[in-house]
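What the coordinates show
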Amino acid sequence: QALRSARSERERGGRSLAEAQRALSVNESELGELQERLDTARAQPGGADPDTDNQPRLAAEAAAARSAETEHKLTLRSRQEQARALEGRAESLQAAARSEVEARRKAQERRERRQREARVATGVRDDAARLAQRTDEALAIASVRREEAQQRRRTLEDAVRQARVAVQTATDQVRVLTDSVHRDELARAEQRLKVEAMRARAIDEYGIDPDNLVEEFGPHLPIPHVPHAGDSPDEAHEPTAFVRAAQEKRLRSAERKLAQLGRVNPLALEEFAALEERHNFLTTQLDDLTRSKKDLLDIVREVDERVQRVFAEAFADTAREFVGVFERLFPGGEGRLLLTDPTDMLTTGIEIEARPPGKKIKRLSLLSGGERALVAVALLVAIFKARPSPFYIMDEVEAALDDANLSRLITLFQELRHSSQLIVITHQKRTMEVADALYGVSMQGDGITTVVSQRLRDVSPQALRGPVPVAAD
């Protein structure tokens, strides 16, 4: 707009200059005519009397022509000076316009680069969102599958349990049947052996045919008394007739005594091998669980030790820095950090004791608003010094401070600026005075927010370490 107004003014000056040059040329021509007339009049013979009537008029016209010429020359010179000034201003405005165009081009390039970076960041964010969504879907599917697998496992465990019960029942039945068959086979074998032995014995020892033996010693004959341990040797016992029930009773008694002796179990080796294999498996599993438990306990102990060590170091550094920072913010005061339970660093809390100069109180709840804000700032600065960071952002931390405390806080800001960059949101002018750059955020009547920046010190962005206040309207 300034360039356009300068160009318009230059055009008007050019037109005025052209008009002045035309008027000057007309006056010069008139002056030339008058000069010729004057020369002609002077060249006439002296005998003739000059025309005294026209002389005053001609002199007045010549004077008017000379004054007009002088005035037009002055006007021409002033117009020329104005034209040269306007040309210089136009050139400076054109240079400024070229600088502005170059700055706009660079700003456009930066904006395009930021847009490309924003598109890349948006793509990365979208990819991350899609990946997170796919991860959630996979997690949901895995959860469903895990529930299904657990349900199938429970079903299979129930089926296996039922099958084991059925197998155990069947095994018991087989064992009972096997025992019964074995008893029957043994009884038949014993009977056959007894019969054969009796036949062989009858033939070998007595030389009597078994049929004859049965005839002579069969159940139709009386049975002699069999002596027992409690019978008297002098007591006489008559032979008794064969009673099958009594003889079967004697047989069952003999079988019970034989059963007490036990039987041979043909499945004992297989059962022993199966139990031994299961015992070895359970022993191995127990050893694995024991080792896993030991490893987990070692890891937990190492993590607890590392957490305690790191926390103790950080607390010691912060407490040491807090003492120095508190003494600087409260000259003559005393402040320190304490642990509520020093014996247990994992569950301990932290207490802040603050005693401003001239007071005996130590609890934060009894301090004023400005003192509490300053104590909080002292804790933050102590943490900053104990564990430095590349930059810090502070939002109106000095709003409740007076001039003296503000001066002490600004001194701390100037110390921190040597190692970190500070971004401070403030309304305090003294804080703005120590900043390297100012950024003001303001809203006009149209409701549009604008940002106004001002560099207070000529430093490079790499060397910019001081506070950068952001003034909010």
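Residue numbers restart at each chain and count upward from 1, following the sequence in its written direction. Residues qualify for local features only when their pLDDT is at least 70, as the model is predicted, and side-chain atom pairs are given and counted only at 80 or more; totals for whole chains, interfaces and linings, by contrast, use all residues. Based on all heavy atoms of the structure, the side-chain values leave hydrogens and waters out of the count.

Note on conventions: DSSP H or I runs of at least 4 residues are helices, E runs of at least 2 residues are strands, and numbering of each starts at the N terminus. Checked against the element boundaries, Pro266 lands in the loop between helix H4 (244-260) and helix H5 (268-329). Relative accessible area serves as the criterion here: at 54%, Pro266 is assigned to the exposed category. When accessible area is computed with a 1.4 Å probe and restricted to protein chains, residues below 20% of their type maximum are described as buried, those above 50% as exposed, and intermediate ones as partly exposed.

Where charged atoms from two side chains of opposite charge come close, those side chains can pair. In what follows, salt bridge is the name for a side-chain nitrogen of Lys or Arg lying within 4 Å of a carboxyl oxygen of Asp or Glu. A full pass over the atoms with the stated rule returns 18 salt bridges. Arg105 serves as the salt-bridge partner of Glu109, at 2.4 Å between the closest nitrogen and oxygen. Linking Glu109 with Arg105, this pair stays in helix H2 (residues 55-204), spanning 4 residues, or about one helical turn. Judged by relative accessible area, Glu109 falls into the partly exposed class, the value being 40%. Between Asp436 and Arg417 there is a salt bridge; the shortest N-O distance is 2.8 Å. Within this pair, whereas Asp436 is found in the loop between helix H8 (429-433) and strand S5 (437-443), its partner Arg417 is found in the loop between helix H7 (403-416) and strand S4 (421-425), the two being separated by 19 residues in sequence. Overall, Asp436 belongs to the buried group, its relative accessible area being 5%.

Only rings of Phe, Tyr and Trp enter the pairing, Trp through its six-membered ring, and a pair is recorded when the two centres are within 6.5 Å. The plane angle decides the type: under 30 degrees is stacked, over 60 is edge-to-face, the rest tilted. Inspection of every chain in the model, using the stated rule, returns 4 aromatic pairs. Measuring from ring centre to ring centre gives 6.3 Å for Phe311 and Phe315, while their planes differ by 20°; the resulting arrangement is stacked. Taken together, the residues Phe311 and Phe315, both in helix H5 and 4 residues apart, mark about one turn of the helix. With a relative accessible area of 27%, Phe311 lands in the partly exposed category. Members of the aromatic cluster, connected to one another through ring pairs, are Phe322, Phe326 and Phe330.

Tracing the backbone through its elements, the reader meets Ser419 in the loop between H7 and S4. Along the backbone, Ser419 and Lys385 are 34 residues apart, and their C-alpha atoms lie at a distance of 9.6 Å.

Take the nonpolar core next. Think of a nonpolar core as a cluster: buried Ala, Val, Leu, Ile, Met, Phe, Trp, Tyr and Cys residues, connected wherever their side-chain atoms sit within 4.5 Å. The biggest cluster of nonpolar side chains holds 29 residues, and the ones touching the most others in it are Phe322, Leu329, Val375 and Phe413. Contributions of two or more residues to this core are made by H5, strand S1 (334-339), helix H6 (369-386), strand S3 (391-395), H7 and S4. With 7 residues, the top contributor of residues to this core is H6. Should any heavy atoms of two residues lie within 4.5 Å, those residues are considered in contact. The contact partners of Phe322, leaving out residues within four places of it in the chain, are Gly335, Arg336, Leu337, Ile352, Glu353, Val375, Ala378, Leu379 and Ala382.

We now examine a nonpolar patch on the surface. Patch definition: residues with relative accessible area over 30% and no salt bridge; like charges joined within 9 Å; nonpolar side chains (Val, Leu, Ile, Met, Phe, Trp, Tyr) joined within 5 Å. Exposure was quantified through the Shrake-Rupley algorithm and a 1.4 Å probe, taking into account, for residues, occlusion by the shown protein chains and nothing else. A cluster of nonpolar residues, Leu296, Ile299, Val303, Val307 and Leu346, forms a patch on the protein surface that exposes about 440 Å² of accessible area. Following the sequence through the fold, Ile299 ends up in helix H5. Taking the relative accessible area as the measure of exposure, Ile299 reaches 47% and is therefore partly exposed.

Multiplying one less than the number of residues by 1.5 Å gives the expected span of a helix. Over its 42 residues, helix H1 (residues 2-43) extends 60 Å from the first C-alpha to the last, a length consistent with the 62 Å expected when each residue adds 1.5 Å. At its buried positions, H1 is contacted by H2.

A cluster of basic side chains, namely Lys106, Arg110, Arg111, Arg113, Arg114, Arg116 and Arg119, defines a positive patch on the protein surface. By the secondary structure assignment, Arg116 is in helix H2. Relative accessible area serves as the criterion here: at 43%, Arg116 is assigned to the partly exposed category. Positive residues here are Lys and Arg, negative ones are Asp and Glu, while His and the chain termini are left out of the count. One atom stands in for each charge, and that atom is NZ of Lys, CZ of Arg, CG of Asp or CD of Glu.

Turning next to a negative patch on the surface. A surface patch of like charges, here negative, comprises Glu30, Glu33, Glu36 and Asp39. Residue Glu36 is classed as exposed on the basis of its relative accessible area, which comes to 54%.

In this section: the side chain of Ser420. Within the element layout of this structure, Ser420 appears in the loop between H7 and S4. The class for Ser420 is buried, based on a relative accessible area of 1%.

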